[in-house]
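# Breakdown of the fold
In case you want the letters, here they are:
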Amino acid sequence: GVYPNPIIAGENLNINYADFSNENKEILITVFDFTGKTIFSKIILQKENGTLTATDLSNKLTPGIYFITGTNGDNYLLKQKLVVVENSGSNISAQR
């Protein structure tokens with residue numbers, strides 16, 4: 001899955017793909033907005049040990065609801081809603 005979620009605008013997004021069954025394969029990570037428009041897209045190489053990948057979305061996502069997918073060819077390995085909240089300077093970590 002992805003974490004943190006919700007994410008504060010400007011934070012890095014972490015992707016844990018330890019549960020994916022396609023080791024050492026390229027995975028296309030895509031973030032869509034609520035209308036279906038692609039906001040971000042990146043190919044990552046899945047490692048055997050399910051290494052976490054930090055994805056820098058700091059200038060790409062404004063507060064709102066997004067959808068993130070991870071695909072390998074025609075197979076969906078990840079489908080998840082992502083909530084981005086405004087960076088108000090408060091500590092949201094305690095609320096997660």
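This text follows the structure it describes.
All of these numbers come straight from a predicted model, not from anything done at the bench. (Residues numbered from 1 in each chain as written. Predicted model: local features only at pLDDT ≥ 70, side-chain atom pairs only at ≥ 80, totals over all residues. Heavy atoms only, no water.)

### Quick word on the overall build of the protein
A count of helical and extended segments in the protein gives zero helices and eight strands. A total of 96 residues make up the protein; the buried ones form 34% of that total. Counting only carbon and sulfur atoms, one obtains 47% of the accessible surface of the protein, whose full area is about 5,800 Å². (Helix = DSSP H or I, 4+ residues; strand = E, 2+ residues; numbered from the N terminus. Buried < 20%, exposed > 50% of the residue type's maximum accessible area, 1.4 Å probe, protein only. Areas by Shrake-Rupley, 256 points an atom, 1.4 Å probe, with all protein chains shown as cover.)

### Section: the environment of Ala 54
Tracing the sequence through the fold places Ala 54 in strand E6 (residues 52–56). Measuring from C-alpha to C-alpha, the distance between Ala 54 and Leu 13 comes to 5.4 Å, with 41 residues separating the pair along the chain. Those residues in contact with Ala 54 that lie beyond four places of it in its chain are Asn 12, Leu 13, Asn 14 and Lys 42. (Contact = heavy atoms within 4.5 Å.)

### A short note on the packing of aromatic side chains
What the rule picks out here adds up to one aromatic pair. In this structure, Lys 79 packs its charged tip against the face of Tyr 76, placed 4.7 Å from the ring centre. (Phe/Tyr/Trp six-rings, centres within 6.5 Å; stacked < 30°, edge-to-face > 60°. Lys NZ or Arg CZ within 6 Å of the ring centre and 35° of its normal.)

### Re the side chain of Thr 69
Relative to the elements of secondary structure, Thr 69 occurs in strand E7 (residues 64–72). Look at Thr 69 and you get buried, because its relative accessible area is 11%. Leave out the neighbours within four places in its chain, and Thr 69 touches Leu 28, Ile 29, Thr 30, Phe 32, Tyr 76, Leu 78 and Lys 79.

### Considerations on the sheet that holds strand E5 (residues 38–45)
Strands pair in a sheet through their backbones, by hydrogen bonds, and they do so in one of two ways: parallel or antiparallel. Here five strands make up an open sheet; going across it, the order is E2-E8-E7-E4-E5 and the pairing mixed. Each edge of the sheet is formed by a strand with only one pairing partner; in this case those strands are strand E2 (7–8) and E5. (Pairing = 2+ DSSP bridges.)

### As for the pairing of strand E3 (residues 12–16)
What you see with E3 is a clean split: Leu 13 and Ile 15 sit on the buried side and Asn 12, Asn 14 and Asn 16 on the side with no burial. Across two bridges, strand E1 (residues 2–3) lies against E3 in antiparallel orientation. The residue of E3 that forms the bridge with Val 2 is Ile 15.

### Topic: unusual backbone geometry
Look at the link from Tyr 3 to Pro 4: it is a cis peptide, with omega at -5°. Looking at the element boundaries, Pro 4 is found in the loop between E1 and E2.

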